[in-house]
Amino acid sequence: MKQTTVENCKIIDIRKYTDNRGYLSVIEGGLDIPFEIRRIYYLYMVPEVARGAHAHKQLQQLLIATSGSVDVIMDDGKSKKSFHLDKPWKGLLIPSGLWRDLENFSGGAVLMCLASEKYEASDYIRDYGEFLAYKNGK
Ligand code: T46
């Protein structure tokens, strides 16, 4: 989706159930989020480096800091918007067609990613100039 903007990214509240045993959160594809979940991966033991620096043509995702915190900077080629993820019951819903940078992973951070598609290297745009051309329909 070439037309998506950073305003289409949103933080959602993940359903949670609590009793005297603690919390349980649940995400059902197509119900709590607008896509079926075809893949789950997670980032952890991240040193002081940035990750991401790419866009996806088709992939939609939900990112959750299940432990610790991380900053996700979204970019549509015209505007940027930063999201601080630090709660396991908050998720960042990311539509397709947007550049993302992941920065400031805290010690012990675990970033879980629910993805709408299986892994496909050709879905990635890893060059920022190419991303701008893609957004401008070139
Ligand atoms: C994203 C951010 C949040 C696979 O083989 N299968 C997979 O499903 C994934 C996600 C990655 N890989 C391989 C490809 C690379 O050789 O794992 C290696 C590291 O992947 P990458 O450099 O893309 O990692 P990040 O942290 O920059 O980006 C990842 C996701 O790829 C991306 O979709 O949005 O996390």
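Residues numbered from 1 in each chain as written. Predicted model: local features only at pLDDT ≥ 70, side-chain atom pairs only at ≥ 80, totals over all residues. Heavy atoms only, no water.

Caption draft 1: Molecular detail of the sheet that holds strand S8 (residues 80-85). Reading across the sheet, the five strands line up as S8-S7-S10-S5-S12 and stay open at both edges, with antiparallel pairing between neighbours. Each edge of the open sheet carries a strand with a single partner, namely S8 and strand S12 (124-125). As paired elements, strand S5 (residues 51-56) and strand S10 (residues 99-103) share four bridges and run antiparallel to each other. The residue bridging Ala55 from the neighbouring strand is Trp99, located in S10. (Pairing = 2+ DSSP bridges. Helix = DSSP H or I, 4+ residues; strand = E, 2+ residues; numbered from the N terminus.)

Caption draft 2: How the structure looks around the packing of aromatic side chains. Applying the stated criterion across every chain yields a total of five aromatic pairs. Note on Tyr119 and Tyr124: the rings are 5.8 Å apart at their centroids and 65° apart in plane angle, and the pair reads as edge-to-face. One aromatic cluster is present, built from ring pairs that chain together Trp99, Tyr128 and Phe131. (Phe/Tyr/Trp six-rings, centres within 6.5 Å; stacked < 30°, edge-to-face > 60°.)

Caption draft 3: Broad picture of the pattern of salt bridges. Within the structure shown, the criterion is met by seven salt bridges. A salt bridge links Glu7 to Lys81; the shortest N-O distance between them is 3.0 Å. A residue pair is termed long-range when its members are at least 10 positions apart, and Glu7 in the segment before strand S1 (10-13) and Lys81 in strand S8 qualify at 74 residues. In this structure Lys81 comes out as partly exposed when scored by relative accessible area, which is 28%. Across the pair Arg21 and Asp19 runs a salt bridge whose closest N-O atoms are separated by 2.7 Å. (Salt bridge = Lys/Arg side-chain N within 4 Å of Asp/Glu carboxyl O. Buried < 20%, exposed > 50% of the residue type's maximum accessible area, 1.4 Å probe, protein only.)

Caption draft 4: Structural view of the sheet that holds strand S6 (residues 61-67). Ordered in space as S1-S9-S6-S11-S4, the five strands form an open sheet in which the pairing is antiparallel. Looking at which strands have only one partner, the edges of the open sheet turn out to be S1 and strand S4 (39-44). Going across the sheet, the axis of each strand differs from the next one's by a mean of 25°, ignoring polarity. (Axes fitted to C-alpha atoms, helices over the stretch in contact; angles between N-to-C directions.)

Caption draft 5: Examining the pairing of strand S7 (residues 70-75) more closely. The buried fraction of S7 amounts to six of the six residues, a majority that puts the element mostly inside the structure. When S7 meets S8, the two strands line up antiparallel, connected through six bridges. Its bridge partner being in S8, Asp75 is matched across the sheet by Lys80. Here S7 folds back onto S8, and the loop between the two strands holds four residues, one of which, Gly77, carries a positive phi near 95°. By the bridge criterion, five bridges tie S7 to S10 in an arrangement that is antiparallel. Looking across to S10, one finds that Met74 is bridged to Arg100.

Caption draft 6: Summary view of the environment of Thr4. Mapped onto the elements of the fold, Thr4 is located in the segment before S1. When its relative accessible area of 7% is taken as the criterion, Thr4 is described as buried. As for Thr4 and Trp99, which are separated by 95 residues in sequence, their C-alpha atoms are 11 Å apart. Discounting chain neighbours no more than four positions away, the residues touching Thr4 are Asp76, Pro95, Ser96, Gly97, Leu98 and Lys135. A polar side-chain atom of Thr4 sits 2.7 Å from the main-chain carbonyl oxygen of Ser96. (Contact = heavy atoms within 4.5 Å. Polar contact = N/O pair within 3.5 Å; in protein donor to acceptor, adjacent residues only side chain to side chain.)

Functional significance is not addressed by these values, which are geometric in nature.
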